[in-house]
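Coordinates in review
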Amino acid sequence: MSIDVTRDAEGLRQAINEMLEQGFAQGRVARSLDDSDDSGRERIFGSLPPLTLSPGYYKRAEYLLWLEKCKNTGLASGDFSMAEADGLMAVAEARAEFERNHPPCGVCGALQDSPFATTCHKCGTDFVRRSA
Ligand SMILES: [Zn+2]
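Predicted model, so just to flag it, every value in this text is computed and none were measured.

1. Here we look at the overall build of the protein chain
Each helix and strand in the protein chain was counted, giving four helices and zero strands. When the helices and strands of the protein chain are read in sequence order from the N terminus, they spell out α-α-α-α. Its C-alpha atoms give the protein chain principal-axis dimensions of roughly 45 × 40 × 30 Å. Burial statistics for the protein chain: of 132 residues in total, 33% are counted as buried. Working note: accessible area of the protein chain is about 8,900 Å², and carbon and sulfur atoms make up 54% of it. Both charge centroids of the protein chain, one from 15 positive and one from 20 negative side chains, sit 4 Å from each other.

2. Here we look at the environment of Arg43
Following the sequence through the fold, Arg43 ends up in helix α2 (residues 38-46). For Arg43, a relative accessible area of 60% translates into the label exposed. Linking Arg43 and Glu68, residues 25 residues apart in sequence, is a C-alpha distance of 33 Å.

3. Regarding the packing of aromatic side chains
The final tally for this structure, using the stated rule, is two aromatic pairs. The interplanar angle of 80° and the centroid separation of 5.9 Å between the aromatic rings of Phe24 and Phe98 together place this pair among those described as edge-to-face. You can see Phe24 sitting in helix α1 (residues 9-34) and its partner Phe98 sitting in helix α4 (residues 82-101), a full 74 residues away along the chain. Here Phe24 matches Phe98 in class, with each residue buried.

4. What about the pattern of salt bridges?
Applying the stated criterion across every chain, the model contains six salt bridges. Between Glu97 and Arg13 there is a salt bridge; the shortest N-O distance is 2.3 Å. With Glu97 in helix α4 and Arg13 in helix α1, this residue pair connects regions lying 84 residues apart in the sequence. Judged by relative accessible area, Glu97 falls into the partly exposed class, the value being 23%. Its salt-bridge partner being Glu68, residue Arg95 comes within 2.8 Å of it at the nearest N-O pair. With a gap of 27 residues between them, Arg95 in helix α4 and Glu68 in helix α3 (residues 55-72) connect regions that are remote in the sequence. Look at the salt bridges and you will find they share partners, linking Glu10, Arg13 and Glu97 into a network.

5. Remarks on the side chain of Glu68
Take Glu68: its relative accessible area is 12%, and that puts it in the buried class. If sequence neighbours within four positions are ignored, Glu68 has contacts with Leu88, Val91 and Arg95.

6. Brief notes about the side chain of Glu84
As for its placement among the helices and strands, Glu84 is situated in helix α4. Of the side chains with opposite charge, Arg60 lies nearest to the buried Glu84, which makes no salt bridge, at 5.6 Å. Glu84 has contacts with Arg60, Tyr63, Leu64, Leu67 and Asp79, leaving out every residue within four places of it along the chain.

7. Topic: the domain arrangement of the protein chain
Along its sequence, the protein chain is organised into domain 1 (5-101) and domain 2 (103-132). A straight line from the C-alpha centre of domain 1 to that of domain 2 covers 23 Å. Between domain 1 and domain 2, the residue contacts involve six residues of the former and seven residues of the latter. Summing both partners gives a buried area of about 520 Å² for domain 1 against domain 2, and 50% of it is carried by carbon and sulfur. It is Phe24, Arg28 and Asn101 in domain 1 that bury the most area against domain 2; as a group they hold 74% of the surface buried on that side.

Rules used throughout
Residues numbered from 1 in each chain as written. Predicted model: local features only at pLDDT ≥ 70, side-chain atom pairs only at ≥ 80, totals over all residues. Heavy atoms only, no water. Helix = DSSP H or I, 4+ residues; strand = E, 2+ residues; numbered from the N terminus. Buried < 20%, exposed > 50% of the residue type's maximum accessible area, 1.4 Å probe, protein only. Areas by Shrake-Rupley, 256 points an atom, 1.4 Å probe, with all protein chains shown as cover. Lys, Arg positive; Asp, Glu negative; His and termini not counted. Charge placed at Lys NZ, Arg CZ, Asp CG, Glu CD. Phe/Tyr/Trp six-rings, centres within 6.5 Å; stacked < 30°, edge-to-face > 60°. Salt bridge = Lys/Arg side-chain N within 4 Å of Asp/Glu carboxyl O. Contact = heavy atoms within 4.5 Å. Domains from an automatic or database assignment. Buried area = accessible area lost by both parts, 1.4 Å probe.

In structure tokens form, the structure reads like this:
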């Protein structure tokens, strides 16, 4: 049985989120990659969040992220198919989820490892917790 990934909005949302997470993690380790040896590199790559779905999802997710970029830069507008419109919705949801998990520092804008970070990993600003 083959799954039509373009119709699996939940799967796509997950695939996009995993790609965003992986891109973020790669950006965070890029510096340590520069000054490690081969075994260090292997360890770092091993620590990246895994992609858990079948490759078709990531191909589609890549396409949707590209489509989103076209849309945002005005290169594409209006005429999306139903599947594309659904896909763009999945992108928006995945981005919202990603941003909840990685809130930006109010001072330097760096995305944090988690919403529970107490200091910015980049500029060292202490985050003051707002009491609920
Ligand atoms: Zn900062």
